[in-house]
Amino acid sequence: MEQEKIRKTTLTMKETAEYLGVSYWLVNRLVRIKQLPSVRVGGKILFRREALDRYLIEQEEASTTKDER
């Protein structure tokens, strides 16, 4: 019987930095100022791929939206 490979749905800080193409330190800073969606499990900070993808879409949309004042 073949076991199905389980796909990881969460990433560590280091994996998140690689996924976003930024430094570990920037990810750490964004977590501290509550800019990047994350969850603490035990002593680890984890990131869901789905939440990161949504975050990127939101940031991209915000960058092309004119500030109407």
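Look above for the structure.
Quick caveat, the model's predicted, so the values are computed rather than measured.

A. Spotlight on unusual backbone geometry. Of note in the backbone geometry, K34 takes a positive phi value of approximately 55° without being a glycine. With respect to the helices and strands, K34 occurs in the loop between α2 (24-32) and β2 (39-41). Residue class for K34 comes out exposed when judged on its relative accessible area of 74%.

B. Structural detail: the packing of helix α1 (residues 13-20) against helix α3 (residues 49-64). Running from amino to carboxyl end, α1 crosses α3 at an angle of 40°, the nearest separation of the two axes being 12 Å. Taken as axis vectors, α1 and α3 run oblique relative to one another. The hand of the α1/α3 crossing is right-handed. Every residue of α3 that contacts α1 at T16, Y19 and L20 is listed here: R49, L52, D53 and L56. Here the contact of α1 with α3 is composed, by residue class, of four nonpolar, one polar and two charged.

C. Just the pattern of salt bridges, in detail. According to the stated counting rule, one finds three salt bridges in the structure shown. For the salt bridge of E15 with K8, the shortest nitrogen-to-oxygen distance reads 2.9 Å. K8 sits in the partly exposed class, given a relative accessible area of 43%. Its salt-bridge partner being E50, residue R48 comes within 3.7 Å of it at the nearest N-O pair. By relative accessible area, which is 38% here, R48 ends up partly exposed. Several salt bridges share partner residues, and in doing so they unite R48, E50 and R54 into one network.

D. Layout of the packing of aromatic side chains. Tallied over the full model, the rule gives one aromatic pair. Considering the side-chain rings of Y24 and W25, the 5.0 Å spacing of their centres and the 85° angle between planes classify their relative orientation as edge-to-face. Overall, the relative accessible area of 36% leaves Y24 in the partly exposed class. With a relative accessible area of 62%, W25 lands in the exposed category.

E. Structural context of the sheet that holds strand β1 (residues 10-11). Ordered in space as β1-β3-β2, the three strands form an open sheet in which the pairing is antiparallel. The two strands at the open ends of the sheet, each matched to only one other strand, are β1 and β2. Relative to strand β3 (residues 44-48), β1 runs antiparallel, the two being bridged by two bridges. For T10, the partnering residue across the bridge sits in β3 and is R48. Along the sheet, α3 makes contact with β1 and β3, crossing β3 at roughly 65°.

Calculation notes
- Residues numbered from 1 in each chain as written.
- Predicted model: local features only at pLDDT ≥ 70, side-chain atom pairs only at ≥ 80, totals over all residues.
- Heavy atoms only, no water.
- Helix = DSSP H or I, 4+ residues; strand = E, 2+ residues; numbered from the N terminus.
- Buried < 20%, exposed > 50% of the residue type's maximum accessible area, 1.4 Å probe, protein only.
- Axes fitted to C-alpha atoms, helices over the stretch in contact; angles between N-to-C directions.
- Parallel < 35°, antiparallel > 145°, perpendicular 65-115°, else oblique.
- Left-handed = near helix turned anticlockwise from the far one by under 90°.
- Contact = heavy atoms within 4.5 Å.
- Nonpolar A, V, L, I, M, F, W, Y, C, P; charged D, E, K, R; others polar.
- Salt bridge = Lys/Arg side-chain N within 4 Å of Asp/Glu carboxyl O.
- Phe/Tyr/Trp six-rings, centres within 6.5 Å; stacked < 30°, edge-to-face > 60°.
- Pairing = 2+ DSSP bridges.

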